[in-house]
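Listed below are the residues making up each chain.
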Amino acid sequence: AQSVAQPEDQVNVAEGNPLTVKCTYSVSGNPYLFWYVQYPNRGLQFLLKYITGDNLVKGSYGFEAEFNKSQTSFHLKKPSALVSDSALYFCAVRGYNTDKLIFGTGTRLQVFP
Amino acid sequence: EAQVTQNPRYLITVTGKKLTVTCSQNMNHEYMSWYRQDPGLGLRQIYYSMNVEVTDKGDVPEGYKVSRKEKRNFPLILESPSPNQTSLYFCASSLWTGVDQPQHFGDGTRLSIL
């Protein structure tokens, strides 16, 4: 069965510091991995995806994510956090040959000035 | 502007009173889906549709109905709402040309069932 875990409910980071939001997954076959961001009173917005190829994926707003097959992880990163990055972040996975997208429970990122 | 539109955005109602949450997309997407978001549980899929007249259950379909008579619309129906259906609901759509397509989300509907 597919599953995705976001082990941290909240991540706190100072503005200007690098940030990491963790995600691990379990899926049969090759995974299709996504990160979404949710701002208050808004729907989820697509940030980036890993389908195949380069393990480092670049996305919107300066975010990137690193796919690690041996550790079944897809951590979201940004070299220098902004206060405006404060939001709820969701990792999602879809396995090969399935039409179901499974979301993690979300990680709240708080960036302090 | 490409968007997924949900209505209403907020609704407070009582147990047993039928309600419908509408969802419309203007991107000609084949795939549409409904999710509910609850604290600590993330997003869970209620129903999805891969095209007109094709709908399937997601992970938590009990107490909900959907229909897909037109490509752009995918309403969520609660025939007899109960308090455990109090939640934040999202409609989403995507192209169905492959599993790598990201989903576009509406801004959500917050339902309170008293």
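Residues numbered from 1 in each chain as written. Chains lettered and ligands numbered in written order. Predicted model: local features only at pLDDT ≥ 70, side-chain atom pairs only at ≥ 80, totals over all residues. Heavy atoms only, no water.

Visitor: When you look at the overall build of chain A in this model, what are you seeing that I'm missing?
Guide: Of regular secondary structure, chain A possesses zero helices and twelve strands. Taken from the N to the C terminus, the helices and strands of chain A come in the order β-β-β-β-β-β-β-β-β-β-β-β. The C-alpha atoms of chain A give a radius of gyration of 13 Å, which matches the 13 Å a tight globule of 113 residues would have. Structurally, chain A occupies a C-alpha span of about 45 × 30 × 20 Å along its principal axes. Counting across all 113 residues of chain A, residues that qualify as buried make up 47%. Here chain A displays about 5400 Å² of accessible surface, and carbon together with sulfur accounts for 47% of that area. Within chain A, one finds 10 positive and 8 negative side-chain charges whose respective centroids are separated by 6 Å. (Helix = DSSP H or I, 4+ residues; strand = E, 2+ residues; numbered from the N terminus. Rg over C-alpha atoms; globule rule 2.2 N^0.38 Å. Buried < 20%, exposed > 50% of the residue type's maximum accessible area, 1.4 Å probe, protein only. Areas by Shrake-Rupley, 256 points an atom, 1.4 Å probe, with all protein chains shown as cover. Lys, Arg positive; Asp, Glu negative; His and termini not counted. Charge placed at Lys NZ, Arg CZ, Asp CG, Glu CD.)

Visitor: Can you walk me through the interface of chain A and chain B in this structure?
Guide: By convention, interface size is frequently given as the accessible area that disappears when the constituent parts associate. Counting residues at the interface gives 22 residues for chain A, matched by 25 residues for chain B. Interface area for chain A against chain B, summed over the two sides, is near 1900 Å², with a carbon-plus-sulfur share of 52%. Connecting chain A to chain B are one salt bridge. Our count for the contact surface shared by chain A and chain B stands at five residue pairs in polar contact (both at pLDDT 80 or more). Looking at the side of chain A that touches chain B element by element, the count peaks at four residues for strand E5 (residues 31-38) of chain A. Across the side of chain A that touches chain B, the residue classes tally to eleven nonpolar, six polar and five charged. (Contact = heavy atoms within 4.5 Å. Buried area = accessible area lost by both parts, 1.4 Å probe. Salt bridge = Lys/Arg side-chain N within 4 Å of Asp/Glu carboxyl O. Polar contact = N/O pair within 3.5 Å; in protein donor to acceptor, adjacent residues only side chain to side chain. Nonpolar A, V, L, I, M, F, W, Y, C, P; charged D, E, K, R; others polar.)

Visitor: Is there a simple way to think about the state of the cysteines in this case?
Guide: One covalent bond between the sulfur atoms of two cysteine residues makes up a disulfide. If you walk through the whole model with that rule in mind, you get two disulfides over all chains. Residue pairing for Cys23 of chain A: its cysteine sulfur links by disulfide to Cys91 of chain A, the two sulfurs lying 2.0 Å apart. Taking the sign of the S-S torsion, about -60° here, the bridge from Cys23 of chain A to Cys91 of chain A comes out left-handed. One end of the pair, Cys23 of chain A, is in the loop between strand E3 (19-21) and strand E4 (24-26); the other, Cys91 of chain A, is in strand E10 (residues 87-95), and 68 residues separate them in sequence. In this structure Cys23 of chain A comes out as buried when scored by relative accessible area, which is 0%. Owing to a relative accessible area of 0%, Cys91 of chain A belongs among the buried residues under this scheme. Sulfur-sulfur distance for the disulfide between Cys23 of chain B and Cys91 of chain B comes to 1.9 Å. Disulfide Cys23 of chain B-Cys91 of chain B: torsion about the S-S bond near -75°, hence left-handed. Linking Cys23 of chain B in strand E3 (residues 19-25) with Cys91 of chain B in strand E9 (residues 87-94), this pair joins segments that are 68 residues apart in sequence. Across the pair, Cys91 of chain B and Cys23 of chain B agree in class, each one buried. (Disulfide = S-S within 2.5 Å.)

So, to be careful, I would describe these as geometric facts and stop short of saying anything about function.
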